[in-house]
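# Coordinate inspection notes
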Amino acid sequence: MPKSMDEIVSLCKRRGFIFQDSDIYGGQNGFWDYGPLGMLLKRNVRNVWYEDMVDFHNELVAPNGAPEAYQMVGVETALIMHPQVWKCSGHYDLFHDMMVDCRESKKRYRHDHIKGRWVTGTHKKNEEAGPETVFITAVDSEDVQTDLDANALRYFGLKKKYLEKLDWEGETTPLPELPEDKLTEVVGPDVTSKGTLTEQREFNLMFKTTLGALGGEDDAAFLRPETAQGIFVNFKNIVDTSRVKVPFGVAQVGKSFRNEITPRNFTFRSREFEQMEIEFFCAPDESAKWYTFWRDKRYQWYQDLGISQDNLILRDHHKEELAHYSVGTADIEYAFPFLEAGEYGELEGIAHRGDFDLRSHTEGKLKKEGDELVVELDEHGQPKHRGSGKDLSYFNDETRERFVPHVIEPSAGADRGTLAFICEAYHEDEQPDEKGKMQTRTVMKFHPRLAPIKAAIFPLMKKDGQPEIAQEIYGALKAAGISCQYDQAGVIGRRYRRQDEIGTPYCLTVDYDTADDNCVTLRDRDSLEQERVPVDQVVSEITARLNG
Ligand code: ATP
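The present account deals with the structure reproduced in this document. (Residues numbered from 1 in each chain as written. Predicted model: local features only at pLDDT ≥ 70, side-chain atom pairs only at ≥ 80, totals over all residues. Heavy atoms only, no water.)

### With respect to the overall build of the chain
Looking only at helices and strands, the chain features 14 helices and 29 strands. With respect to the principal axes defined by its C-alpha atoms, the chain has extents near 95 × 75 × 50 Å. Of all 548 residues assigned to the chain, the portion counted as buried reaches 47%. Accessible area for the chain stands at about 27100 Å²; split by element, carbon and sulfur atoms hold 47% of it. Side chains of the chain give 69 positive and 96 negative charges; the mean places of these two sets differ by 4 Å. (Helix = DSSP H or I, 4+ residues; strand = E, 2+ residues; numbered from the N terminus. Buried < 20%, exposed > 50% of the residue type's maximum accessible area, 1.4 Å probe, protein only. Areas by Shrake-Rupley, 256 points an atom, 1.4 Å probe, with all protein chains shown as cover. Lys, Arg positive; Asp, Glu negative; His and termini not counted. Charge placed at Lys NZ, Arg CZ, Asp CG, Glu CD.)

Right, dumping it as structure tokens:
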């Protein structure tokens with residue numbers, strides 16, 4: 001049965017995973033807050049990513065599929081960088097959408113999201129004026145003609161039964177394809193008068209801010225729309241100070257901001273989100289091999305953490321889709337429940353960026369001309385956006401060669417990843433309750449490394465010394481740094497269900513036998529198997545299972 005996004009969103013709110021930001025003031029579109037459990041889950045996603053990519057990576061041994069051994073280091077760079085960074089990275093010129101505003105409804109639309117069609121009809125209230133031809137529009141959807149029908153009926157003031165009185169002409173056409181001098185004949189998607197849409201204009205997706213108390217236009221700066229640039233501008237610093245040698249990678253986790261026009265689908269498209277990015281620097285002639293290595297490694301990572309291959313695809317971009325600097329790009333995409341069957345949403349992009357970034361930050365913003373990357377010039381023949389002038393090339397002291405490294409960039413979203421892990425974990429099954437009656441159980445089957453709470457400890461009864469033993473076990477698990485909960489409220493079945501719903505992999509129950517055999521019952525969330533474990537081995541047993 002397909003999973004219901006509504007159920008998932010409701011569980012996230014009910015159990016304290018994710019809340020709408022500024023909820024008590026009516027919320028803010030595109031911003032989300034992580035509650036006590038969501039914060040733990042997302043922290044685990046970030047930590048597991050960092051451990052698997054950097055901490056656990058052994059730079060002395062080439063992993064399977066890697067052309068050779070490589071080093072990994074991390075950085076944490078500023079959210080507001082020098083404005084020139086965004087000019088040379090291309091975000092300043094290219095990172096925008098074309099928008100149109102409606103003067104009447106005050107709504108703003110992505111230009112390419114509006115579709116329309118010419119139609120001739122007669123106004124119900126003004127039949128004597130005779131037929132009129134207008135360009136009726138609607139926001140693009142699966143069944144845009146149904147919306148166009150409704151909007152045309154509304155425009156002419158007609159009831160549904162008069163639909164056949166409308167005379168449609170030609171095909172449905174995207175608004176950008178309509179000649180601009182016809183704008184006065186366009187009826188906007190949400191109004192009943194024509195000529196209310198403005199001409200298209202650019203809308204930069206970067207959040208602008210001002211530096212300093214007296215700042216004017218010259219002091220404008222931007223919140224970073226990606227973490228990657230913080231790594232590129234520090235390339236020389238890192239090479240000069242950390243004894244890394246190409247090939248090596250630099251990892252960074254942190255917030256990014258994009259003033260998305262249409263934030264939607266829960267946390268999938270937010271205006272503030274977190275990225276987990278690696279810039280991997282390698283010799284140009286090795287870069288194709290490294291691209292394949294990273295693409296496959298990152299695809300495997302999601303599967304190792306429990307995402308089923310049925311819901312995950314690796315999609316290589318077509319040549320036309322590639323950014324102007326890229327030799328190859330692949331997306332890792334997940335079948336989110338809010339999408340139609342067969343559709344996927346991007347979790348991570350792995351891009352071969354060539355030497356575009358390091359050269360742009362040296363020479364000035366580059367553009368592709370034929371097969372070459374050349375500095376983009378303005379109308380006076382000067383560099384459009386000047387680079388730093390700092391040499392960001394690399395000297396290989398073994399081969400005595402100097403070159404600008406090529407870059408492979410696996411760029412993942414921590415929030416999208418967390419959302420995919422939540423959607424994948426969500427399950428409903430039927431289990432008998434205390435009286436043997438079948439009940440629907442909601443269970444979040446998080447991978448133990450990601451589960452926000454790893455273990456729950458219950459005394460079966462609030463008497464006979466059981467709470468004391470349970471509290472001692474709880475203290476020992478806490479002292480070992482294992483995130484756990486103590487719960488003595490309600491019948492045991494209810495306590496299990498509370499933990500299943502937040503994805504706790506192991507529950508430990510102290511019962512009447514504990515006083516005799518010094519063991520507790522360990523219950524596994526997924527297999528529902530129960531085993532007796534000696535009290536003094538609980539910490540080592542849970543640790544082993546979490547690491548296994
Ligand atoms: P999209 O096409 O969905 O806007 P993108 O291709 O612009 O994404 P990148 O610039 O490649 O995204 O960013 C890398 C990753 O950052 C994405 O794969 C995604 O996981 C995450 N990301 C990008 N934009 C957002 C957003 N608005 N909200 C949440 N995560 C995002």
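### Section: helix 10 (residues 414-425)
Because an α-helix completes one turn every 3.6 residues, residues spaced three or four positions apart along the sequence face the same direction. Compared with the 16 Å implied by 1.5 Å per residue over twelve residues, the 16 Å span of helix 10 between its first and last C-alpha is a close match. With respect to burial, helix 10 is a largely interior element, twelve of its twelve residues being buried. All buried positions along helix 10 are accounted for by Ala 414, Asp 415, Arg 416, Gly 417, Thr 418, Leu 419, Ala 420, Phe 421, Ile 422, Cys 423, Glu 424 and Ala 425. (Expected span 1.5 Å × (residues − 1).)

### What about the side chain of Arg 495?
When you line up the elements, Arg 495 lands in helix 12 (residues 492-502). In this structure Arg 495 is buried but unpaired, with Asp 487 as the nearest side chain of opposite charge at 5.0 Å. Among all residues touching Arg 495, those that are not within four sequence positions of it are Phe 458, Pro 459, Leu 460, Asp 487, Gln 488, Ala 489 and Gly 490. (Salt bridge = Lys/Arg side-chain N within 4 Å of Asp/Glu carboxyl O. Contact = heavy atoms within 4.5 Å.)

### Examining the site of the ligand
Close to the ligand lie 14 residues; Glu 260, Arg 269, Ser 270, Glu 346 and Leu 347 are nearest. A distance of 3.2 Å separates a nitrogen atom of the ligand from a polar backbone atom of Phe 268. Gln 275 places a side-chain nitrogen or oxygen 3.2 Å from an oxygen atom of the ligand. Considered on its own, the ligand offers 590 Å² of accessible surface; in the complex 79% of this is hidden by protein. Among the elements that take part in the shell around the ligand, strand 17 (residues 345-354) stands out by supplying three residues, more than any other. When the residues that make up the shell around the ligand are grouped by side-chain class, the tally is three nonpolar, five polar and six charged. (Near = heavy atom within 4 Å. Polar contact = N/O pair within 3.5 Å; in protein donor to acceptor, adjacent residues only side chain to side chain. Nonpolar A, V, L, I, M, F, W, Y, C, P; charged D, E, K, R; others polar.)

### Digging into a nonpolar patch on the surface
Nonpolar side chains collect at one region of the surface, where Leu 79, Ile 80 and Leu 211 lie side by side and expose about 230 Å² of accessible area between them. Given a relative accessible area of 36%, Ile 80 falls into the partly exposed group. (Patch = residues over 30% accessible without salt bridge, like charges linked within 9 Å, V, L, I, M, F, W, Y side chains within 5 Å.)

### Description of helix 11 (residues 466-479)
Between its terminal C-alpha atoms helix 11 stretches 20 Å, which fits the 20 Å expected from 14 residues at 1.5 Å a residue. Residues of helix 11 that are buried: Gln 466, Pro 467, Ala 470, Ile 473 and Leu 477. Looking straight down helix 11, one finds that the buried residues subtend no more than 125° of arc, so they occupy a single side. Exposed residues lying more than 90 degrees from the buried face of helix 11 are Glu 468, Glu 472 and Ala 479. Buried-residue contacts for helix 11 involve strand 25 (455-459), strand 26 (484-486), strand 27 (506-510), strand 28 (519-524) and helix 14 (538-547). Once helix 11 ends, the next one or two residues include Gly 481, with phi positive near 80°. (Arc of directions from axis to C-beta.)

### What about the layout of surface pockets?
If you roll a probe as big as a water molecule over the atoms, it shows you where there is empty space left. Counted as a void, the second largest pocket has a volume near 530 Å³. In this structure, the second largest pocket is lined by 22 residues; those nearest its centre are Glu 51, Arg 449, Lys 454, Leu 546 and Asn 547. Those elements giving two or more residues to the lining of the second largest pocket turn out to be helix 2 (36-55) and helix 14. Here the lining of the second largest pocket takes six residues from helix 2, the largest share from any one element. The class makeup of the residues in the lining of the second largest pocket is nine nonpolar, eight polar and five charged. Each of domain 1 (5-78 + 232-420) and domain 3 (453-547) accounts for three or more of the residues forming the lining of the second largest pocket. (1 Å grid on protein atoms, 1.4 Å probe; cavity = no way out; pocket = protein on both sides within 12 Å on 5 of 7 lines; lining within 4 Å. Points joined across faces, edges and corners; volume = space filled by probe spheres on them. Domains from an automatic or database assignment.)

### Observations regarding the packing of helix 1 (residues 5-14) against helix 10
To describe two helices that pack against each other, one gives the angle between their axes and the distance between the axes. Close contact between helix 1 and helix 10 brings their axes to 11 Å; oriented N to C, the two are set at 110°. Between helix 1 and helix 10, the angle falls in the class roughly perpendicular. Taking contact as the criterion, the partners of Met 5, Ile 8 and Cys 12 in helix 1 are, on helix 10, Leu 419, Ile 422 and Cys 423. By residue class, the composition of the contact of helix 1 with helix 10 is six nonpolar, no polar and no charged. (Axes fitted to C-alpha atoms, helices over the stretch in contact; angles between N-to-C directions. Parallel < 35°, antiparallel > 145°, perpendicular 65-115°, else oblique.)

### Structural notes on unusual backbone geometry
Cis peptide bonds are those with omega within 30 degrees of zero, and the linkage from Val 246 to Pro 247 qualifies with 5°. Mapped onto the elements, Pro 247 comes out in the loop between helix 7 (235-241) and strand 13 (248-257). Non-glycine residue Ser 22 carries a positive phi angle of around 50°. With respect to the helices and strands, Ser 22 occurs in the loop between strand 1 (18-20) and strand 2 (32-34). Not every positive phi belongs to a glycine, and Leu 528 is a case in point at roughly 65°.

### Things to note about the pattern of salt bridges
Tallied over the full model, the rule gives 42 salt bridges. A salt bridge links Lys 42 to Glu 274, with the nearest nitrogen and oxygen atoms 2.8 Å apart. You can see Lys 42 sitting in helix 2 and its partner Glu 274 sitting in strand 14 (residues 272-282), a full 232 residues away along the chain. Considered together, Lys 42 and Glu 274 belong to a single accessibility category, that of buried residues. Measuring nitrogen to oxygen at the nearest pair gives 2.7 Å for the salt bridge that ties Lys 194 to Glu 132. One end of the pair, Lys 194, is in the loop between strand 9 (186-187) and strand 10 (201-204); the other, Glu 132, is in strand 7 (residues 132-139), and 62 residues separate them in sequence. Judged by relative accessible area, which is 18%, Glu 132 ranks as buried. Shared partners join several salt bridges into a network, and the residues in it are Lys 42, Arg 46, Glu 274 and Asp 415.

### Examining the sheet that holds strand 4 (residues 96-101)
Two modes of strand pairing occur in sheets, parallel and antiparallel, and in both the strands are linked by backbone hydrogen bonds. Overall, antiparallel pairing links the three strands, which are arranged 5-4-10 in an open sheet. Looking along the sheet, the strands with just one partner apiece sit at the ends: strand 5 (108-110) and strand 10. This sheet shows a mean twist of 50° between the axes of neighbouring strands, independent of strand direction. Here three bridges tie strand 4 to strand 5, and the two strands are oriented antiparallel to one another. From the neighbouring strand, Met 99 faces strand 5, where its bridge partner is Arg 110. (Pairing = 2+ DSSP bridges.)

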